[in-house]
Each structure stands twice: as structure tokens, then as C-alpha cells.
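Given next are the chains, with one letter for each unit.
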Amino acid sequence: MRLRHIPGSEDAIAVSPHVIGQPEKYQGNFHQKFGNDNPIQIEVGMGKGRFIMELARRNPQINYLGVERYPTVLLKAIKKQEELRLSNLYFLCVDAKSLSEIFAPQEVARIYLNFSDPWPKDRHAKRRLTSPEFMKIYDRILTENGTVEFKTDNQELFSYSLESIPEAGWKIDWSTRDLHHSSQADDNVMTEYEMKFSSMGNPICKLIASR
């Protein structure tokens, strides 16, 4: 999907107090930015930020970092955060491939992957955020008991993930192909895409993985 570029989005992100510029400088010390030692959870590919902002609102005892590589998309999340002013939430405008250069080993307690690009062609499989290549990155930065939570409406991507994650040495702790009619439905926080796809009748898939 081609994104419409918003002129000045890069400049707005560079000066926003809600975005951590050069986040690698905080590697192993993100607690200094938050001013506490609360656990850190991240969402990779946060889009407009509805999901992670709601988590931050509900859980002030947890620090959240939203990762989004596209400035045009991130700008929309920044505008929302300017209104909410959630003290336990910051954004990073980086590519997911650089996460192991940004976070120290075992610095992150949980990783959320929501409605990631399916990269449907086989030759692009390594780009999928649930590929063995990315699972190695998560393995490095997650705490010993850390987990990865993944949601999608793409059945093919979900089937791939159910195979690729165990292949990377992880275990699937829980999974469903119909989240909204599952045991976790009541606690589920929906993303913008999730609201759109579920309103179209698409069942939502989810899995939780750990080492």
C-alpha cells in the first residue's frame, strides 16, 4: 500500500518531545527516559497508535514504546499523544531490523505485532515480522520470560507464523483463529485495522509465543 507523504512530517518528528531521536543512545537505559524502572513493552509497526495508546492509558505501571518506520503514519500518532500526554509512552521512528541495535539484551518485557505487512510472495518471507530472522532479534532483546503477541486477519500469514515461530525455537503458548469469540475477547484492545477488518466480517487471528 502506497502512503501519501505529508510534507514536513520528518521535521515534525525530529522536534517532537514524544519521539526519541537516536534511540540507540538509550540502549540499556530507557528507564532514564521514563524516569522509573517499570517494565518496557513495545509495539512494532504501531500505525496511528490506537492500540498502544490504549494500553498505556490502562497500564500506567508499564512503559510503552511504539515503533513505526513511516513518518507520515507516525505523525498522526504524535498528534493524538499531544492531546493525551501519556507519560508512559514514547515513539521511535525506526525500522524493525534495527531493534537489536536499539535495545540491550533482555531489556523488553513484551513485543506486540499487530496486522503486520504479510509480504505474500515467497521471496519476501524474510521480511515478515514473524519470520525466523525477526524472531532471532526478539530473542535477543526480550527478558527471559518475555513474550511476543501477534494479531492478523491474514489467514495465510497466520498459518505461516504458526510454523515459522516454532522453527525458530519458540513455542506457541496460545492461539486462535477467531479472537473476538475466544477466551481473550474481553481483554482485547483493538487496533485501527482490527476495527476495520472485523467490521467487514473478517475473523481475527492471534497467537502468544515464548521461548
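The present account deals with the structure reproduced in this document. Source: prediction; values computed, not measured.

**A closer look at the environment of Lys97**
And step 1. For Lys97, the location among the structural elements is in the loop between strand S3 (89–92) and helix H5 (99–102).
And step 2. With relative accessibility at 57%, the residue Lys97 sits in the exposed group.
And step 3. Remark: the alpha-carbon pair of Lys97 and Phe134, spanning 37 residues in sequence, is separated by 7.4 Å.
And step 4. For Lys97, the residues in contact, after removing those within four places along its chain, are Phe134 and Ile137.

**Remarks on unusual backbone geometry**
And step 1. The phi torsion at Gln22 lies on the positive side, around 45°, for a residue other than glycine.
And step 2. Among the secondary structure elements, Gln22 is positioned in the loop between helix H1 (9–15) and helix H2 (30–34).
And step 3. Since its relative accessible area comes to 47%, Gln22 is described here as partly exposed.
And step 4. With a phi close to 40°, Trp119 is a non-glycine residue in the positive phi region.
And step 5. Mapping Trp119 onto the fold places it in the loop between strand S4 (108–114) and helix H6 (132–141).

**Thoughts on the layout of surface pockets**
And step 1. Considering only enclosed or pocket space, the largest pocket measures out at about 1400 Å³ in volume.
And step 2. Around the largest pocket sit 40 residues that line it, and Glu68, Tyr70, Phe115, Ser116 and Asp117 are the ones nearest its centre.
And step 3. Secondary-structure elements contributing two or more residues to the lining of the largest pocket are strand S1 (40–44), helix H4 (71–84), H6 and helix H8 (192–199).
And step 4. Residue composition of the lining of the largest pocket, by class: 18 nonpolar, eight polar and 14 charged.
And step 5. In this structure, the second largest pocket encloses a volume near 240 Å³.

**Structural notes on helix H3 (residues 50–58)**
Each full turn of the α-helix corresponds to 3.6 residues, which orients residues three or four apart in the same direction.
And step 1. Of all the positions in H3, only Phe51, Ile52, Met53, Glu54, Leu55 and Ala56 are classed as buried.
And step 2. In this fold, the buried residues of H3 make contact with S1, strand S2 (63–67), H4, S3, S4 and strand S5 (142–152).

**Quick word on the pairing of strand S7 (residues 205–210)**
And step 1. Summarising burial for S7: six of the six residues are buried, a large majority.
And step 2. The side-chain alternation of S7 yields two buried faces, one formed by Cys205, Leu207 and Ala209 and the other by Lys206, Ile208 and Ser210.
And step 3. Across five bridges, the pairing between strand S6 (residues 171–176) and S7 is antiparallel. Residue pairing in the sheet places Trp174 in a bridge with Ile208 of S7.

**Some points on the packing of aromatic side chains**
The way to describe two aromatic rings as a pair is by their centre distance and the angle between their planes.
And step 1. Per the stated rule, a full pass over the model turns up eight aromatic pairs.
And step 2. Centroid distance Phe150 to Phe158: 6.4 Å. Interplanar angle 15°. Geometry classified as stacked. Taken as a pair, Phe150 and Phe158 share a single burial class, namely buried.
And step 3. Its guanidinium or amino end placed over the ring of Trp119, Arg127 lies 4.7 Å from that ring's centre, counting from NZ or CZ.
And step 4. Directly above the aromatic system of Tyr160 lies the positively charged group of Arg128, at a separation of 4.5 Å from the ring centroid.

**Quick look at the pattern of salt bridges**
And step 1. For the coordinates displayed, the defined rule picks out eight salt bridges.
And step 2. Across the pair Glu54 and Arg57 runs a salt bridge, and its minimum N-O distance is 2.6 Å. Within this pair, Glu54 and its partner Arg57 are both found in helix H3, separated by three residues, close to a single helical turn.
And step 3. Note on Arg57: relative accessible area 52%, which makes it exposed.
And step 4. Salt-bridge contacts for Asp139 lead to Arg211; the nearest nitrogen and oxygen are separated by 2.8 Å. Linking Asp139 in helix H6 with Arg211 in the segment after S7, this pair joins segments that are 72 residues apart in sequence.

Rules of the game
Residues numbered from 1 in each chain as written. Predicted model: local features only at pLDDT ≥ 70, side-chain atom pairs only at ≥ 80, totals over all residues. Heavy atoms only, no water. Helix = DSSP H or I, 4+ residues; strand = E, 2+ residues; numbered from the N terminus. Buried < 20%, exposed > 50% of the residue type's maximum accessible area, 1.4 Å probe, protein only. Contact = heavy atoms within 4.5 Å. 1 Å grid on protein atoms, 1.4 Å probe; cavity = no way out; pocket = protein on both sides within 12 Å on 5 of 7 lines; lining within 4 Å. Points joined across faces, edges and corners; volume = space filled by probe spheres on them. Nonpolar A, V, L, I, M, F, W, Y, C, P; charged D, E, K, R; others polar. Pairing = 2+ DSSP bridges. Phe/Tyr/Trp six-rings, centres within 6.5 Å; stacked < 30°, edge-to-face > 60°. Lys NZ or Arg CZ within 6 Å of the ring centre and 35° of its normal. Salt bridge = Lys/Arg side-chain N within 4 Å of Asp/Glu carboxyl O.

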